[in-house]
Amino acid sequence: MAAESSAGATPSVPRDWHSIDWKKAHVNVRRLQARIVQAMKAGKWGKVKALQHLLTRSFSAKALAVKRVTENQGKNTPGVDKVIWQTPTTKEMAIQELRQRGYTALPLRRLYIPKANGKKRPLGIPTMKDRAMQALYLQSVDPIAETQADPNSYGFRKERSCADAIEQCHTMCGCHRTVPYHARRTGRNGTMDPGR
């Protein structure tokens, strides 16, 4: 019998949610994402597609997608089907159900949230399965998007912040600061000094 790999296709035997090695799952997904980036930079688009196929069908990626959906702020918000994945058993079953074949997204659950001016704005909430499928396919598309994106783009990007954008602005204009900005703006008594 062949050794079971957590980077390949989903095994037929469901695993216990608490026994999943999350560090190993992250390593497997990062390794496949790095291979996607290397193949893309080499111009091997067939290999990119094959690696994306492998990633979206791997147990590690499916487990991380379910974990992302079930451990965020919206974990208790159901969609149209009123299903929430809270127990380890339902999370294990969710990993097994994440398949491309036969998948069709369900309609969004529509809620209306009050605005400051008294009116209401619409909000569409997808089902847990739809959110997990989006998270799964994000893992395969994200390496390509990050590789092809503008190197000086900082809005809504992974591992990027406002501080990186400010640093790039200072690098481009040639004005390198030796004293941090907050240190220059602080007065002698430790309060912010707007006059400086």
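Criteria and cut-off values
- Residues numbered from 1 in each chain as written.
- Predicted model: local features only at pLDDT ≥ 70, side-chain atom pairs only at ≥ 80, totals over all residues.
- Heavy atoms only, no water.
- Axes fitted to C-alpha atoms, helices over the stretch in contact; angles between N-to-C directions.
- Helix = DSSP H or I, 4+ residues; strand = E, 2+ residues; numbered from the N terminus.
- Parallel < 35°, antiparallel > 145°, perpendicular 65-115°, else oblique.
- Left-handed = near helix turned anticlockwise from the far one by under 90°.
- Contact = heavy atoms within 4.5 Å.
- Nonpolar A, V, L, I, M, F, W, Y, C, P; charged D, E, K, R; others polar.
- Expected span 1.5 Å × (residues − 1).
- Patch = residues over 30% accessible without salt bridge, like charges linked within 9 Å, V, L, I, M, F, W, Y side chains within 5 Å.
- Areas by Shrake-Rupley, 256 points an atom, 1.4 Å probe, with all protein chains shown as cover.
- Salt bridge = Lys/Arg side-chain N within 4 Å of Asp/Glu carboxyl O.
- Lys, Arg positive; Asp, Glu negative; His and termini not counted.
- Charge placed at Lys NZ, Arg CZ, Asp CG, Glu CD.
- Buried < 20%, exposed > 50% of the residue type's maximum accessible area, 1.4 Å probe, protein only.

So what's going on with the packing of helix H1 (residues 22-41) against helix H2 (residues 45-56)? Which residues, and what values?
With their axes 8 Å apart at the nearest point, H1 and H2 run at an angle of 165° to one another. As far as their axial angle goes, H2 and H1 are roughly antiparallel. Crossing geometry of H1 relative to H2 is assigned as left-handed. Residues Val29, Leu32, Gln33, Arg35, Ile36, Ala39 and Met40 of H1 lie in contact with H2, whose contacting residues are Trp45, Lys47, Val48, Leu51, Gln52, Leu54 and Leu55. Taken together, the residues of the contact of H1 with H2 sort by class into 10 nonpolar, two polar and two charged.

Just give me the short version of helix H5 (residues 128-148), but keep the residues and values in it.
Its 21 residues give H5 an end-to-end C-alpha distance of 30 Å, which sits within 8% of 30 Å, the value for a rise of 1.5 Å per residue. Turning to H5, the residues buried within the fold contact H1, H2, helix H3 (59-70) and strand S2 (120-125).

Can you break down a positive patch on the surface residue by residue, with the values?
A contiguous patch of positive charge on the surface is contributed by Arg31, Arg35, Lys44 and Lys47. Residue classification places lysine 47 among the partly exposed positions, given a relative accessible area of 42%.

Run through the environment of proline 122, naming residues and quoting values.
Structurally, proline 122 can be placed in strand S2. We classify proline 122 as partly exposed; its relative accessible area is 44%. Spatially, the C-alpha atoms of proline 122 and leucine 111 are 5.8 Å apart, while their sequence positions differ by 11 residues. When neighbours within four sequence positions are excluded, proline 122 is seen to be in contact with Arg110, Leu111 and Tyr112.

Shape descriptors only; they carry no functional weight alone.
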